[in-house]
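# Reading the structure
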Amino acid sequence: MQRLSGRVAVVTGAASGIGLATVRRFRDEGATVVLVDVDEKAGAKAAAEVGGRFIAADVTSEEQVEGVFAATVEAFGRVDVAFNNAGISPPDDDSILTTGLDAWKRVQEVNLTSVYLCCKAVIPRMLRQGKGSIINTASFVARMGAATSQISYTASKGGVLAMSRELGVQFAREGIRVNALCPGPVDTPLLRELFAKDPERAARRLVHIPMGRFAHAEEIAAAVAFLASDDAGFITASEFLVDGGISGAYVTPL
(Lines give C-alpha, C1' and ligand atoms only; values in the text may rest on other atoms or scores of the structure.)
Protein backbone atom coordinates (compact mmCIF):
# COMPACT_ATOMS: atom_id res chain seq x y z
CA MET A 1 0.00 0.00 0.00
CA GLN A 2 1.06 3.58 -0.65
CA ARG A 3 -1.33 5.36 1.73
CA LEU A 4 1.27 7.97 2.66
CA SER A 5 2.58 8.74 -0.81
CA GLY A 6 3.65 12.37 -1.11
CA ARG A 7 3.41 13.00 2.64
CA VAL A 8 6.09 14.16 5.04
CA ALA A 9 6.36 12.42 8.41
CA VAL A 10 8.45 13.29 11.45
CA VAL A 11 9.24 10.46 13.88
CA THR A 12 10.93 10.98 17.24
CA GLY A 13 12.75 8.14 18.95
CA ALA A 14 13.33 6.92 15.41
CA ALA A 15 16.61 5.05 15.80
CA SER A 16 15.31 1.89 17.48
CA GLY A 17 12.29 -0.13 18.59
CA ILE A 18 8.85 1.12 17.61
CA GLY A 19 10.29 4.26 16.05
CA LEU A 20 12.61 2.37 13.70
CA ALA A 21 9.89 -0.10 12.72
CA THR A 22 7.61 2.84 11.98
CA VAL A 23 10.04 4.74 9.76
CA ARG A 24 10.48 1.55 7.77
CA ARG A 25 6.70 1.18 7.46
CA PHE A 26 6.28 4.85 6.54
CA ARG A 27 8.94 4.43 3.86
CA ASP A 28 7.12 1.40 2.49
CA GLU A 29 3.87 3.41 2.47
CA GLY A 30 5.49 6.12 0.33
CA ALA A 31 6.21 8.85 2.89
CA THR A 32 9.22 11.11 3.09
CA VAL A 33 10.54 10.51 6.60
CA VAL A 34 12.42 12.79 8.97
CA LEU A 35 14.03 10.78 11.76
CA VAL A 36 14.74 12.42 15.12
CA ASP A 37 16.85 10.88 17.87
CA VAL A 38 19.59 11.72 20.37
CA ASP A 39 21.65 8.74 19.15
CA GLU A 40 23.44 10.28 16.18
CA LYS A 41 25.13 7.10 14.95
CA ALA A 42 22.01 4.92 15.05
CA GLY A 43 19.82 7.73 13.74
CA ALA A 44 22.06 8.39 10.74
CA LYS A 45 22.21 4.66 9.98
CA ALA A 46 18.43 4.34 10.09
CA ALA A 47 17.97 7.40 7.88
CA ALA A 48 20.38 5.99 5.30
CA GLU A 49 18.47 2.69 5.32
CA VAL A 50 15.09 4.31 4.57
CA GLY A 51 16.32 7.18 2.43
CA GLY A 52 15.14 9.70 5.00
CA ARG A 53 16.65 12.74 6.66
CA PHE A 54 18.13 12.51 10.14
CA ILE A 55 18.06 15.38 12.64
CA ALA A 56 19.85 14.89 15.94
CA ALA A 57 17.82 16.53 18.69
CA ASP A 58 17.00 16.36 22.38
CA VAL A 59 13.20 16.37 22.42
CA THR A 60 13.14 17.85 25.93
CA SER A 61 14.63 21.07 24.51
CA GLU A 62 12.03 23.53 23.19
CA GLU A 63 14.62 25.17 20.96
CA GLN A 64 15.74 21.91 19.42
CA VAL A 65 12.19 20.65 18.88
CA GLU A 66 11.23 23.90 17.18
CA GLY A 67 14.32 23.50 15.03
CA VAL A 68 13.26 20.02 13.92
CA PHE A 69 9.91 21.16 12.58
CA ALA A 70 11.28 24.40 11.12
CA ALA A 71 13.96 22.44 9.26
CA THR A 72 11.40 19.91 8.02
CA VAL A 73 9.13 22.58 6.59
CA GLU A 74 12.09 24.43 5.09
CA ALA A 75 13.30 21.24 3.37
CA PHE A 76 9.99 19.68 2.33
CA GLY A 77 7.38 22.44 2.55
CA ARG A 78 5.05 20.73 5.03
CA VAL A 79 4.57 18.25 7.88
CA ASP A 80 1.70 15.85 7.33
CA VAL A 81 2.38 13.34 10.11
CA ALA A 82 4.02 13.70 13.51
CA PHE A 83 4.70 10.50 15.43
CA ASN A 84 5.80 11.73 18.84
CA ASN A 85 7.29 8.51 20.10
CA ALA A 86 10.47 9.20 22.08
CA GLY A 87 10.43 7.77 25.58
CA ILE A 88 12.46 6.16 28.33
CA SER A 89 11.87 3.65 31.10
CA PRO A 90 14.99 3.67 33.30
CA PRO A 91 15.60 1.17 36.10
CA ASP A 92 15.53 3.87 38.81
CA ASP A 93 11.87 4.52 37.97
CA ASP A 94 10.24 1.91 40.19
CA SER A 95 7.84 1.91 43.12
CA ILE A 96 6.85 5.30 44.49
CA LEU A 97 8.52 4.14 47.71
CA THR A 98 11.93 4.00 46.06
CA THR A 99 11.80 6.34 43.06
CA GLY A 100 13.64 9.59 43.68
CA LEU A 101 12.54 13.02 42.50
CA ASP A 102 15.33 13.30 39.93
CA ALA A 103 14.27 10.02 38.31
CA TRP A 104 10.63 11.14 38.37
CA LYS A 105 11.44 14.44 36.66
CA ARG A 106 13.66 12.92 33.99
CA VAL A 107 10.99 10.44 32.88
CA GLN A 108 8.33 13.17 32.84
CA GLU A 109 10.55 15.41 30.73
CA VAL A 110 11.30 12.78 28.11
CA ASN A 111 7.95 10.98 28.00
CA LEU A 112 5.44 13.80 28.54
CA THR A 113 7.04 17.22 28.15
CA SER A 114 8.62 16.19 24.83
CA VAL A 115 5.17 15.30 23.47
CA TYR A 116 3.86 18.68 24.61
CA LEU A 117 6.79 20.42 22.89
CA CYS A 118 6.37 18.47 19.65
CA CYS A 119 2.62 19.14 19.52
CA LYS A 120 3.17 22.80 20.33
CA ALA A 121 5.67 23.09 17.47
CA VAL A 122 3.82 21.12 14.80
CA ILE A 123 0.20 22.16 15.32
CA PRO A 124 0.64 25.77 14.06
CA ARG A 125 2.28 24.40 10.92
CA MET A 126 -0.53 21.89 10.39
CA LEU A 127 -3.08 24.67 10.94
CA ARG A 128 -1.54 26.58 8.04
CA GLN A 129 -1.92 23.47 5.88
CA GLY A 130 -5.44 22.77 7.11
CA LYS A 131 -4.63 19.11 7.70
CA GLY A 132 -2.42 16.78 9.68
CA SER A 133 -2.21 13.63 11.77
CA ILE A 134 -0.47 13.50 15.14
CA ILE A 135 0.12 10.19 16.88
CA ASN A 136 1.47 10.31 20.44
CA THR A 137 2.88 7.19 22.07
CA ALA A 138 1.09 6.54 25.35
CA SER A 139 0.71 3.00 26.73
CA PHE A 140 -1.84 0.50 27.96
CA VAL A 141 -0.56 1.35 31.47
CA ALA A 142 -2.22 4.75 31.04
CA ARG A 143 -5.52 3.01 31.75
CA MET A 144 -4.50 0.09 33.99
CA GLY A 145 -2.70 -0.31 37.29
CA ALA A 146 0.31 -2.54 37.88
CA ALA A 147 1.80 -3.99 41.05
CA THR A 148 5.17 -4.07 39.26
CA SER A 149 5.16 -0.30 39.15
CA GLN A 150 7.20 2.18 37.13
CA ILE A 151 5.50 5.13 38.76
CA SER A 152 6.77 8.03 36.67
CA TYR A 153 6.46 6.09 33.41
CA THR A 154 2.85 5.21 34.19
CA ALA A 155 2.01 8.78 35.18
CA SER A 156 3.72 10.21 32.09
CA LYS A 157 1.76 7.95 29.77
CA GLY A 158 -1.48 8.91 31.49
CA GLY A 159 -0.57 12.52 30.77
CA VAL A 160 0.09 11.74 27.10
CA LEU A 161 -3.30 10.05 26.84
CA ALA A 162 -5.19 12.95 28.43
CA MET A 163 -3.31 15.60 26.42
CA SER A 164 -3.88 13.75 23.15
CA ARG A 165 -7.59 13.49 23.84
CA GLU A 166 -7.84 17.20 24.56
CA LEU A 167 -5.86 18.23 21.48
CA GLY A 168 -7.89 15.88 19.31
CA VAL A 169 -11.08 17.57 20.43
CA GLN A 170 -9.71 21.11 20.26
CA PHE A 171 -8.42 20.88 16.69
CA ALA A 172 -10.89 18.43 15.16
CA ARG A 173 -12.62 21.10 13.06
CA GLU A 174 -9.28 22.44 11.86
CA GLY A 175 -8.48 19.21 10.01
CA ILE A 176 -5.93 17.98 12.55
CA ARG A 177 -6.37 14.53 14.07
CA VAL A 178 -4.60 13.70 17.33
CA ASN A 179 -4.60 10.18 18.70
CA ALA A 180 -2.84 8.36 21.52
CA LEU A 181 -1.31 5.05 20.57
CA CYS A 182 -1.47 2.65 23.54
CA PRO A 183 0.76 -0.37 22.93
CA GLY A 184 0.99 -3.35 25.20
CA PRO A 185 4.45 -4.75 26.01
CA VAL A 186 6.54 -4.76 22.83
CA ASP A 187 9.56 -6.93 22.08
CA THR A 188 12.08 -4.11 21.70
CA PRO A 189 15.65 -3.61 22.97
CA LEU A 190 14.23 -1.51 25.83
CA LEU A 191 11.85 -4.26 26.97
CA ARG A 192 14.53 -6.93 26.63
CA GLU A 193 16.86 -4.84 28.78
CA LEU A 194 14.14 -4.46 31.41
CA PHE A 195 12.91 -8.05 31.56
CA ALA A 196 15.35 -10.47 29.93
CA LYS A 197 17.59 -10.32 32.98
CA ASP A 198 14.65 -11.11 35.25
CA PRO A 199 12.51 -14.02 33.95
CA GLU A 200 10.16 -13.68 36.93
CA ARG A 201 9.24 -10.12 35.98
CA ALA A 202 8.70 -11.14 32.36
CA ALA A 203 6.53 -14.10 33.42
CA ARG A 204 4.38 -11.85 35.62
CA ARG A 205 3.56 -9.81 32.53
CA LEU A 206 3.12 -12.59 29.98
CA VAL A 207 0.50 -14.35 32.08
CA HIS A 208 -1.80 -11.35 31.65
CA ILE A 209 -1.59 -11.23 27.84
CA PRO A 210 -4.38 -13.28 26.23
CA MET A 211 -2.27 -13.76 23.09
CA GLY A 212 0.55 -15.18 25.20
CA ARG A 213 3.38 -13.10 23.77
CA PHE A 214 4.78 -9.61 23.55
CA ALA A 215 3.97 -7.51 20.49
CA HIS A 216 6.35 -7.18 17.58
CA ALA A 217 7.46 -3.63 16.81
CA GLU A 218 6.20 -4.06 13.25
CA GLU A 219 2.68 -4.69 14.55
CA ILE A 220 2.74 -1.38 16.39
CA ALA A 221 4.16 0.35 13.31
CA ALA A 222 1.23 -0.96 11.26
CA ALA A 223 -1.17 0.70 13.71
CA VAL A 224 0.76 3.98 13.47
CA ALA A 225 0.62 3.87 9.67
CA PHE A 226 -3.13 3.34 9.83
CA LEU A 227 -3.63 6.31 12.17
CA ALA A 228 -1.42 8.45 9.94
CA SER A 229 -3.41 7.61 6.82
CA ASP A 230 -6.77 8.72 5.47
CA ASP A 231 -8.12 5.27 6.36
CA ALA A 232 -8.34 6.70 9.89
CA GLY A 233 -9.98 9.91 8.68
CA PHE A 234 -12.81 9.77 11.25
CA ILE A 235 -10.60 8.80 14.18
CA THR A 236 -9.40 11.50 16.56
CA ALA A 237 -9.08 12.01 20.31
CA SER A 238 -8.92 8.23 20.66
CA GLU A 239 -6.92 5.86 22.84
CA PHE A 240 -5.88 3.38 20.20
CA LEU A 241 -5.10 0.15 22.04
CA VAL A 242 -2.77 -2.41 20.47
CA ASP A 243 -2.26 -4.58 23.53
CA GLY A 244 -2.94 -8.21 22.64
CA GLY A 245 -6.18 -8.10 24.65
CA ILE A 246 -4.60 -7.19 28.02
CA SER A 247 -7.00 -4.37 28.85
CA GLY A 248 -10.01 -6.52 27.98
CA ALA A 249 -9.03 -9.56 30.01
CA TYR A 250 -10.19 -10.78 33.40
CA VAL A 251 -8.80 -14.32 33.12
CA THR A 252 -6.46 -15.29 30.31
CA PRO A 253 -6.43 -18.63 28.44
CA LEU A 254 -4.48 -21.55 29.84
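None of these values were measured; they are calculated from a predicted model. (Residues numbered from 1 in each chain as written. Predicted model: local features only at pLDDT ≥ 70, side-chain atom pairs only at ≥ 80, totals over all residues. Heavy atoms only, no water.)

### A word on the pairing of strand E2 (residues 32–37)
Counting buried positions along E2 yields 5 of 6 residues, so the element is predominantly enclosed. Pairing between strand E1 (residues 8–12) and E2: 5 bridges, direction parallel. Across the sheet, the residue bridging to Val10 is Val34, located in E2. Assessed by its sense of winding, the connection that carries the chain from E1 through helix H1 (residues 17–28) to E2 is right-handed. (Buried < 20%, exposed > 50% of the residue type's maximum accessible area, 1.4 Å probe, protein only. Helix = DSSP H or I, 4+ residues; strand = E, 2+ residues; numbered from the N terminus. Pairing = 2+ DSSP bridges. Right-handed = clockwise from strand over helix to strand, strands pointing away.)

### Points about the sheet that holds E1
The strands making up a sheet associate through backbone hydrogen bonding, with each pair oriented either parallel or antiparallel. With respect to topology, 7 strands assemble into an open sheet ordered E3-E2-E1-E4-E5-E6-E7, the strand pairing being parallel. Edge positions in the sheet fall to strand E3 (53–56) and strand E7 (239–242), since each has one partner strand and no second. Taken over all neighbouring pairs, the strand axes of this sheet differ in orientation by 20° on average, direction set aside. Across the sheet, helix H4 (residues 101–129) is in contact with E1, strand E4 (81–84), strand E5 (132–137) and strand E6 (176–183); its angle to E5 comes to roughly 175°. (Axes fitted to C-alpha atoms, helices over the stretch in contact; angles between N-to-C directions. Contact = heavy atoms within 4.5 Å.)

### Digging into the nonpolar core
Formed by 32 residues in total, the largest nonpolar core has its most connected members in Phe69, Val122, Ile123 and Ile134. Counting only elements with at least two residues in this core, the list comes to E2, helix H3 (62–76), H4, helix H5 (151–170) and E6. In this structure Phe69 touches Val10, Val79, Ala82, Asn84, Cys118, Ala121, Val122 and Arg125, once residues within four positions along its chain are discounted. Val81, Ile135, Val186 and Ala232 belong to the second largest nonpolar core, which has 31 residues in total. (Core = buried A, V, L, I, M, F, W, Y, C linked by side-chain atoms within 4.5 Å.)

### Quick word on unusual backbone geometry
Despite not being glycine, Ala237 has its phi angle at roughly 60°, a positive value. Relative to the helices and strands, Ala237 is located in the loop between helix H8 (217–228) and E7. Look at Ala237 and you get partly exposed, because its relative accessible area is 21%.

### Side note on the packing of H1 against helix H2 (residues 40–50)
As a packed pair, H1 and H2 sit with axes 10 Å apart at the nearest point and diverge in direction by 20°. One element, H1, and the other, H2, form an angle in the roughly parallel class. In this structure, H1 meets H2 at a crossing whose hand is right-handed. Residues Leu20, Val23, Arg24 and Arg27 of H1 touch H2, and the partners they reach there are Ala46, Glu49 and Val50. (Parallel < 35°, antiparallel > 145°, perpendicular 65-115°, else oblique. Left-handed = near helix turned anticlockwise from the far one by under 90°.)

### Concerning the pairing of E6
Among the 8 residues in E6, 8 count as buried, and that is most of the element. As paired strands, E5 and E6 are joined by 6 bridges and run parallel to one another. Bridging across to E6, Ser133 finds its partner in Arg177. Handedness of the E5-H5-E6 crossover: right-handed.

### Re the environment of Cys182
Here Cys182 is to be found in strand E6. Sequence spacing of Cys182 and Leu161 is 21 residues, and the spatial spacing of their C-alpha atoms is 8.3 Å. Excluding its chain neighbours within four sequence positions, the residues that come into contact with Cys182 are Ala138, Ser139, Phe140, Leu161, Glu239, Phe240, Leu241 and Val242.

### A look at H8
Counted at 1.5 Å a residue, the expected span for H8 with its 12 residues is 16 Å, and the 16 Å between its end C-alpha atoms agrees. All buried positions along H8 are accounted for by Ala217, Ile220, Ala221, Ala223, Val224, Ala225, Leu227 and Ala228. Among the structural elements, H1, E4, E5, E6 and E7 are those in contact with the buried residues of H8. (Expected span 1.5 Å × (residues − 1).)

### Some points on H5
For H5, which comprises 20 residues, the first-to-last C-alpha distance of 29 Å matches the rise-based estimate of 28 Å (1.5 Å per residue) to within 8%. Every buried residue of H5 is accounted for by Ser152, Tyr153, Ser156, Lys157, Val160, Leu161, Met163, Ser164, Leu167 and Gly168. Contacts made by the buried residues of H5 are with H4, E5, E6 and E7.

### Brief notes about the packing of aromatic side chains
Scanning the model with the defined rule gives 1 aromatic pair in all. Consider the rings of Phe226 and Phe240, whose centres lie 5.8 Å apart with planes at 35°: the pair is tilted. Of the two residues, Phe226 sits in helix H8 while Phe240 sits in strand E7, which places them 14 residues apart along the sequence. Judged by relative accessible area, which is 23%, Phe240 ranks as partly exposed. (Phe/Tyr/Trp six-rings, centres within 6.5 Å; stacked < 30°, edge-to-face > 60°.)

### Topic: the pattern of salt bridges
All chains considered together, the criterion is met by 12 salt bridges. A salt bridge links Arg7 to Asp230, with the shortest nitrogen-to-oxygen separation between them at 2.6 Å. A residue pair is termed long-range when its members are at least 10 positions apart, and Arg7 in the segment before E1 and Asp230 in the loop between H8 and E7 qualify at 223 residues. For Arg7, a relative accessible area of 16% corresponds to the buried category. You can call Asp230 partly exposed: its relative accessible area is 44%. Note that Arg78 is salt-bridged to Asp80, the shortest N-O span being 2.7 Å. The exposure class assigned to Arg78 is partly exposed, which follows from its relative accessible area of 31%. Its relative accessible area of 10% is what places Asp80 among the buried residues. (Salt bridge = Lys/Arg side-chain N within 4 Å of Asp/Glu carboxyl O.)

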